[in-house]
Amino acid sequence: MASPPNSRARGDQPHLVSLVLQSKKALQHGEQLCSRANSLSNASAQCSLDVLALDAKVKWISESVLEQLKLAANVAKSIEHKRALLDRQIGDLDAVRTERTNTLDNVLESLGAQLVPPDFHQMSSDSSLFGSQHSDKGANGNPVIFDPRHSPSATVRNTAFERKGRQADRTKWKTLRDFVDDGAIEDVLEAVESDRTRLDDIVASTYDYPETLSTAIGSIRSSLPISRGLPSIEAILTAQEKTSTHMAGHLESLAGHYDQMAGALRDSEDGEIFGEEDLQDMNRDTDELPSIMGELEEGVKSIAEAHEQLLAAKTSAQQQLDTHSSTLDDLDQLGEIMSDMLQKQQEVEDECQEVLDGLQQRLLVIEDLHHRFVLYQSSFNKLLVEIARRRQYREAAEKIVEGMMTQLQAMTEEERKVREDFNAEHGAHIPADICLCIEAPPTRWEVTPWDGDVRETLPHVDNDLLVQAKEKLSSFSNVEVSLPGSDSM
């Protein structure tokens, strides 16, 4: 190295000191930047662990909540299925109810269309063929629609005489419906309607359960944090490590430059004179310090940004975890609600079954009434036919009696003439005290009812009513109607 004059060396001394100070300042600043970068890298490593741990907790809780929501959805489906079964049972019962009430209405309408001749009831002691309209109570306390023990024949037997005249105005005639206790029928139908309304009220108490559960499940599911995906922890840490290594290289360069400049300063102080070329090299190296510092600052900024990204991910994961706390509270509350709903649903099913059983019994009563009224109408039609048959019997018997009376009268008259002729011809020649009975007239005969019996009286039945009764009986012949105890009717 060429040695410049002493005057030049002394003139260059202050410039060399400035270069050393710049190098030292750059080295210190670089150390600070590298120290900050190292701290941020360490903090990023710890933050990445926290992010992974929080994310794992969030995912685990989310999966657990989703599993619980699946169970809750199954409970909602179970309740909905049970409601569907109840609705099906109620629908089946409504179909039976409609069928039986319609058949009852039909037979009552038929009873209302069938006239009852006045002779059948006007002279009877009771106002009804089958009991009064005042709903007499039976042995079990239930209203008696009609009493088959009060038979029409008893009514006929209580008639004092046969009504000969016909009532021309049939609009005033009673019908078979008039002898049925409508009040008792209304009581049965109102009881059915009351039970059916009660059934609707019971079922309605849990009507909104499936929808309520579905809404609650949807609300909890929507409150679950949306997974935004974690930043690539490995990529961030790898980039930070690469940046740190690059910064460490720059720091080594700064340290080497400072050592070089400090050594040059010591050599200068020892009297060494640097040439122009050496000074230019020193200046050039020093001029590169801002560029190196800029890269170090960019490196710190890059590491800080990565750290901020990890902190944001940690904050987001923590917020999600905090959100899960309220979600778990909602889930616990939902569990209690589901438990209460299941208990209430079971109570509803038990109560509905009780009401359904009661309705089944009431429908059996309606069916029994239908059978009884069918038998009632059938028996009345047979009664009309029987009255006609008895009238034929009575008329035949009366004809026989009339014939006998006519024949006896003719025989008696003939006998009387024969006896008178005999007495006229031979009576004067026979002593009066011989065979006193020879002058007695023939015995006159009269055919009368049995001792204690009265002449049978029968109600009058118009021929068209009799034809109508026979037609109805022919239509009944293809339908077998059985009812326990109907033999007594």
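Cut-offs used in this document
Residues numbered from 1 in each chain as written. Predicted model: local features only at pLDDT ≥ 70, side-chain atom pairs only at ≥ 80, totals over all residues. Heavy atoms only, no water. Helix = DSSP H or I, 4+ residues; strand = E, 2+ residues; numbered from the N terminus. Buried < 20%, exposed > 50% of the residue type's maximum accessible area, 1.4 Å probe, protein only. Contact = heavy atoms within 4.5 Å. Areas by Shrake-Rupley, 256 points an atom, 1.4 Å probe, with all protein chains shown as cover. Core = buried A, V, L, I, M, F, W, Y, C linked by side-chain atoms within 4.5 Å. Axes fitted to C-alpha atoms, helices over the stretch in contact; angles between N-to-C directions. Parallel < 35°, antiparallel > 145°, perpendicular 65-115°, else oblique. Left-handed = near helix turned anticlockwise from the far one by under 90°. Nonpolar A, V, L, I, M, F, W, Y, C, P; charged D, E, K, R; others polar. Salt bridge = Lys/Arg side-chain N within 4 Å of Asp/Glu carboxyl O. Patch = residues over 30% accessible without salt bridge, like charges linked within 9 Å, V, L, I, M, F, W, Y side chains within 5 Å. Expected span 1.5 Å × (residues − 1). Polar contact = N/O pair within 3.5 Å; in protein donor to acceptor, adjacent residues only side chain to side chain. Phe/Tyr/Trp six-rings, centres within 6.5 Å; stacked < 30°, edge-to-face > 60°. pLDDT = per-residue confidence, 0-100.

**Points about the overall build of the protein chain**
Alright, step 1. Of the regular secondary structure elements, the protein chain holds 8 helices and 2 strands.
Alright, step 2. Helices (α) and strands (β) of the protein chain occur, in sequence order from the N terminus, as α-β-α-β-α-α-α-α-α-α.
Alright, step 3. Here the protein chain holds 489 residues, and 34% of them are scored as buried.
Alright, step 4. Considering only contacts in the protein chain between residues 6 or more positions apart, those separated by 24 or more positions represent 93%.
Alright, step 5. As displayed, the protein chain offers around 29700 Å² of accessible surface, 51% of which is attributable to carbon and sulfur atoms.

**A short note on the nonpolar core**
Alright, step 1. Core analysis: the biggest nonpolar cluster contains 40 residues, and Leu104, Leu108, Phe120 and Phe373 have the highest contact counts within it.
Alright, step 2. If you list the elements that add at least two residues to this core, you get α1 (6–113), α3 (182–204), α7 (289–426) and α8 (463–476).
Alright, step 3. Looking at this core element by element, the count peaks at 16 residues for α7.
Alright, step 4. Formed by 20 residues, the second largest nonpolar core is a distinct cluster that contains Ala72, Ile217, Leu331 and Leu334.

**Considering the packing of α7 against α8**
To characterise two packed helices, one gives the angle between the axes of the helices and the distance between these axes.
Alright, step 1. Contact geometry for α7 and α8: axes closest at 9 Å, N-to-C directions at 130 degrees. Between α7 and α8, the angle is such that the two are oblique. Here the hand of the crossing between α7 and α8 comes out left-handed. Packed against α7, whose contacting residues are Gln377, Ser378, Asn381, Lys382, Leu384, Val385 and Ala388, the element α8 presents Leu465, Leu466, Ala469, Lys470, Lys472, Leu473 and Phe476 at the interface.
Alright, step 2. Partitioning the contact of α7 with α8 into residue classes produces 8 nonpolar, 3 polar and 3 charged.

**Quick word on the packing of α3 against α7**
Alright, step 1. Closest axis-to-axis distance for the α3/α7 pair is 10 Å, and the angle between their directions is 160 degrees. By the angle between their directions, the pair α3 and α7 is classed as roughly antiparallel. Between α3 and α7 lies a crossing whose hand is left-handed. Contacts from Ile185, Val188, Leu189, Ala191, Val192, Asp195, Arg196, Arg198, Leu199, Ile202 and Val203 of α3 reach α7 at Val348, Glu351, Cys352, Val355, Leu356, Leu359, Arg362, Val365, Ile366 and Phe373.
Alright, step 2. When grouped by side-chain class, the residues that make up the contact of α3 with α7 number 16 nonpolar, no polar and 5 charged.

**Examining the pattern of salt bridges**
Alright, step 1. Using the criterion set out here, one finds 18 salt bridges in the structure.
Alright, step 2. We note a salt bridge from aspartate 195 to arginine 362, for which the minimum N-O separation is 2.7 Å. Of the two residues, aspartate 195 is situated in helix α3 and arginine 362 in helix α7; the sequence distance between them amounts to 167 residues.
Alright, step 3. Note on arginine 362: relative accessible area 33%, which makes it partly exposed.

**Concerning a nonpolar patch on the surface**
Alright, step 1. A cluster of nonpolar residues, Phe422, Ile430, Ile434 and Ile438, forms a patch on the protein surface that exposes about 310 Å² of accessible area.
Alright, step 2. Tracing the backbone through its elements, the reader meets isoleucine 430 in the loop between α7 and α8.

**A closer look at α3**
Alright, step 1. Between its first and last C-alpha, α3 extends 33 Å over 23 residues, near the 33 Å set by a 1.5 Å rise per residue.
Alright, step 2. Of all the positions in α3, only Ala184, Ile185, Val188, Ala191, Val192, Asp195, Arg196, Leu199, Ile202 and Val203 are classed as buried.
Alright, step 3. Near the N-terminus of α3, the side chain that reaches the backbone nitrogen of glycine 183, with its oxygen 3.1 Å away, is that of aspartate 181.

**Some thoughts on the packing of aromatic side chains**
Alright, step 1. Per the stated rule, a full pass over the model turns up 1 aromatic pair.
Alright, step 2. Here phenylalanine 120 and phenylalanine 380 contribute two aromatic rings whose centre-to-centre distance is 5.8 Å and whose plane-to-plane angle is 55 degrees, an arrangement assigned as tilted. Remark: phenylalanine 380 occurs in helix α7 and phenylalanine 120 occurs in the loop between β1 (115–116) and α2 (152–157); sequence separation between them is 260 residues. In this structure, phenylalanine 120 and phenylalanine 380 share a single accessibility class: buried.

**Let's talk about the side chain of aspartate 462**
Alright, step 1. With respect to the helices, strands and loops of the structure, aspartate 462 is situated in the loop between α7 and α8.
Alright, step 2. Within the structure, the side chain of aspartate 462 is placed 2.7 Å from the side chain of arginine 170, a separation counted as a polar contact.

**Considerations on unusual backbone geometry**
Alright, step 1. One non-glycine residue, cysteine 435, adopts positive backbone phi at about 50 degrees.
Alright, step 2. Turning to its location among the elements, cysteine 435 is positioned in the loop between α7 and α8.

**Notes on the confidence of the model for the protein chain**
Alright, step 1. Per-residue pLDDT for the protein chain averages 78, and the proportion of residues at 70 or more is 81%.
Alright, step 2. When mean pLDDT is compared element by element in the protein chain, α3 scores highest at 92, while α2 scores lowest at 39.
Alright, step 3. Scored below 50 in pLDDT, residues 480–489 shows 12 contacts in the model against residues more than four places distant or in partner chains.

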